[in-house]
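Report on the structure
Next come the chains, spelled out residue by residue.
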Amino acid sequence: MLTAMLAAFVGGIILNFMPCVFPVISLKALGILRHQGDTKSARTEGLGFLLGVIFTMLVLAGVLLALRAGGTAVGWGFQLQSPLVIAALALIILGAALNLLGVFEVGLSLQRAGEISVGRGAFTRSALTGALAIVVATPCSAPFMAGAVGYALVQPPVVSLGIFLALALGFAAPFTLISLFPAIAERLPRPGAWMDVLKRGLAFPMLGAFAWLVWVLTQQAGTTALAVMLACAVVVAFAAWLYGIAQRRRYIGQSYKALLAVTVVLFVAAVGPLPGMLHTQPSQPDAPGAENITRVTWSPQTVEEMRGHGKAIFVDFTASWCITCQVNERTSLSTAAVKQALARTGTVYMVADSTKFNADIDDAMSTFGQGGLPLYVVYPADGGAPKVLPQVLTPAIVVDALNQASGKKA
């Protein structure tokens, strides 16, 4: 258990540097820079982020364990298998980007339009940033982390929650330490006018995250859902702009309630229909490196039927919301070297797509002790024990594994 907790803690630290978390973490970095020279406010912001991370992690872990106890085979990142959750996250990320661009403000009173100021809402804002960071982080599985999560999912609830707590502490540790210890913060750049430029610049990674989530939604629910999401995003952005105008009118003492009411109506009209409009069946997504590769849809029965009959089997457990999976696809699985190795060794290429919930896939991942994606498994041609490959691939790793599994030399 202690080994798993240590692995979870280290994995949580590394998770800060994974690409899916960067857009939200950049908000926290901005918050720390904003509090340079104000130790009390910096500590408030750091503690808010820590508590937001811990609370959200334990809530997600509790829901995950409850679902598994009820017989539902779900794993790390389970909530991103729901199109409705993806749509909600996309709109939240869009709202954060608009906030960074100065369209409206959250959690503070406007002292001057466009100013980066600190208000009484700093703790709440920081806690919400921590919560959002954890929800967005779930598609990623950092080194050391997958094994720890996989171990946690088969342990008693108290042990499991302890491991998830260690993961949350590791994730929050870097920014919390910088916030709590002024000596570390003193090494950071001093605040100034450049922060206003940085604030607006950080909106673009958030817009990139929004685009990614919309793409994931398209993979899950098809092009009709894409049209609904884009229309909703336009209306929500317009409502945010009206809300910003209402904030400014309130600041200078003008009437703002009618404009605020219109904003609320527009927002409800845009978001309200989403639950009933995101159940469209998706078109079949393209498989990683599908060209020139004969692809077989994974199932436990298919593996058992084909295993040990003279052909190696490579199983790619993936999902469109798993960024590490997409990176491995581009840098390794779709390369000419891997395609040639698959053809030369006669390996059967299987894809286990977990973009939408699939209980069999989550069961199989648990069997291999993995709590999150990506997962790559190679079954030898002679029917021997399967081999789990690293989560971060290179073409050489895949080619070597295929050669060993098939008993053929390069």
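Residues numbered from 1 in each chain as written. Predicted model: local features only at pLDDT ≥ 70, side-chain atom pairs only at ≥ 80, totals over all residues. Heavy atoms only, no water.

As annotated in an unreviewed UniProt entry, the protein is Cytochrome C biogenesis protein from Enterobacter wuhouensis. Taken directly from UniProt, the Subcellular location (unreviewed entry) text for the protein runs: "Membrane". (UniProt positions renumbered as here; feature names shortened; annotations may be inferred.)

1. What about the overall build of the protein?
A tally of helices and strands in the protein yields 17 helices and five strands. With 410 residues in all, the protein has 52% of them scored as buried. For the protein, restricting intrachain contacts to residue pairs at least 6 apart in sequence, the fraction spanning at least 24 positions comes to 79%. Of the roughly 18,100 Å² of accessible surface on the protein, 67% is carried by carbon and sulfur atoms. (Helix = DSSP H or I, 4+ residues; strand = E, 2+ residues; numbered from the N terminus. Buried < 20%, exposed > 50% of the residue type's maximum accessible area, 1.4 Å probe, protein only. Contact = heavy atoms within 4.5 Å. Areas by Shrake-Rupley, 256 points an atom, 1.4 Å probe, with all protein chains shown as cover.)

2. Topic: the pairing of strand β3 (residues 348–353)
Among the six residues in β3, five count as buried, and that is most of the element. Here strand β2 (residues 313–318) pairs with β3 via six bridges, running parallel. Note on β3: the bridge partner recorded for F317 is A352. (Pairing = 2+ DSSP bridges.)

3. Observations concerning the packing of helix α4 (residues 83–100) against helix α10 (residues 203–251)
Contact geometry for α4 and α10: axes closest at 4 Å, N-to-C directions at 20 degrees. When the axes of α4 and α10 are compared, the pair comes out roughly parallel. Seen along the crossing, α4 lies across α10 with a hand that is right-handed. (Axes fitted to C-alpha atoms, helices over the stretch in contact; angles between N-to-C directions. Parallel < 35°, antiparallel > 145°, perpendicular 65-115°, else oblique. Left-handed = near helix turned anticlockwise from the far one by under 90°.)

4. Concerning the packing of aromatic side chains
Evaluated as defined, the whole model comprises six aromatic pairs. For the pair F49 and F175, a centre-to-centre distance of 6.1 Å together with 75 degrees between the ring planes defines the contact as edge-to-face. One end of the pair, F49, is in helix α3 (residues 39–69); the other, F175, is in helix α7 (residues 157–180), and 126 residues separate them in sequence. Like F49, the residue F175 is buried in the burial classification. Consider the rings of F314 and Y376, whose centres lie 6.2 Å apart with planes at 20 degrees: the pair is stacked. Highlighted residues: F314 in strand β2 and Y376 in strand β4 (residues 375–379), separated in sequence by 62 residues. On the basis of relative accessibility, which here comes to 1%, the residue F314 falls in the buried class. An aromatic cluster of at least three residues, connected via ring pairs, comprises F314, Y349 and Y376. (Phe/Tyr/Trp six-rings, centres within 6.5 Å; stacked < 30°, edge-to-face > 60°.)

5. A few points about the environment of A341
As for its placement among the helices and strands, A341 is situated in helix α15 (residues 336–345). With relative accessibility at 1%, the residue A341 sits in the buried group. Those residues within four positions of A341 in sequence are excluded, and the remaining contacts are V399 and L402.

6. A closer look at the UniProt feature "transmembrane region" (unreviewed entry) in the protein
Per the UniProt record, "transmembrane region" (unreviewed entry) is annotated on residues 6–25, 46–66, 86–110, 131–153, 159–185, 197–218, 224–246 and 258–278. Structurally, residues 46–66 comprises 100% helix and 0% strand, and the distance from its first C-alpha atom to its last is 30 Å. Between the C-alpha atoms that bound residues 197–218 there is a distance of 33 Å. The span itself is 95% helix and 0% strand.

7. Some remarks on the sheet that holds strand β1 (residues 295–297)
Picture the strands of a sheet paired through backbone hydrogen bonds; they go either parallel or antiparallel. Taking strand neighbours across the sheet as the criterion, the five strands line up as β1-β3-β2-β4-β5 in an open arrangement whose pairing is mixed. Looking at strand neighbours, the two that pair on one side only are β1 and β5 (387–388), the edges of this open sheet. Bridging between β1 and β3 involves three bridges; their strand directions are parallel. Bridging from a neighbouring strand, R295 pairs with Y349 of β3.

8. Details of a nonpolar patch on the surface
Taken together, the side chains of F9, L58, L161, L165 and L169 make up a nonpolar region of the molecular surface, amounting to roughly 330 Å² of accessible area. By residue number, the principal contributor to the nonpolar patch is α7, which donates three residues. Locating L161 in the fold gives a position in helix α7. Judged by its relative accessible area of 31%, L161 falls in the partly exposed class. (Patch = residues over 30% accessible without salt bridge, like charges linked within 9 Å, V, L, I, M, F, W, Y side chains within 5 Å. Salt bridge = Lys/Arg side-chain N within 4 Å of Asp/Glu carboxyl O.)

9. Some points on the pairing of β4
Of all five residues making up β4, five are buried, and the element is well covered by its neighbours. Of the two faces of β4, the one holding L375, V377 and Y379 and the one holding Y376 and V378 are both buried throughout. Bridge count for β2 against β4 is five bridges, and the pairing is antiparallel. Note on β4: the bridge partner recorded for F314 is V378.

10. Things to note about helix α1 (residues 2–15)
Taking 1.5 Å per residue, 14 residues should reach 20 Å; α1 reaches 19 Å between its end C-alpha atoms and fits that length. Every buried residue belonging to α1 is among A4, A7, A8, G11, G12 and L15, and all of these are buried. Buried positions in α1, seen along its axis, are confined to an arc of 140 degrees and lie on one side of it. Counted as exposed and oriented over 90 degrees from the buried face of α1: L2, T3 and L6. (Expected span 1.5 Å × (residues − 1). Arc of directions from axis to C-beta.)

11. What to know about the nonpolar core
Formed by 74 residues in total, the largest nonpolar core has its most connected members in W298, F314, V315 and F317. Among the elements that line this core, the one with the most residues is α10, at 17 residues. Looking at which domains feed residues into this core, each of domain 1 (1–111 + 119–211) and domain 2 (296–406) gives three or more. Not counting residues up to four positions away in its chain, the partners in contact with W298 are V303, V315, F317, M350, V351, A352, D360, I361 and A364. (Core = buried A, V, L, I, M, F, W, Y, C linked by side-chain atoms within 4.5 Å. Domains from an automatic or database assignment.)

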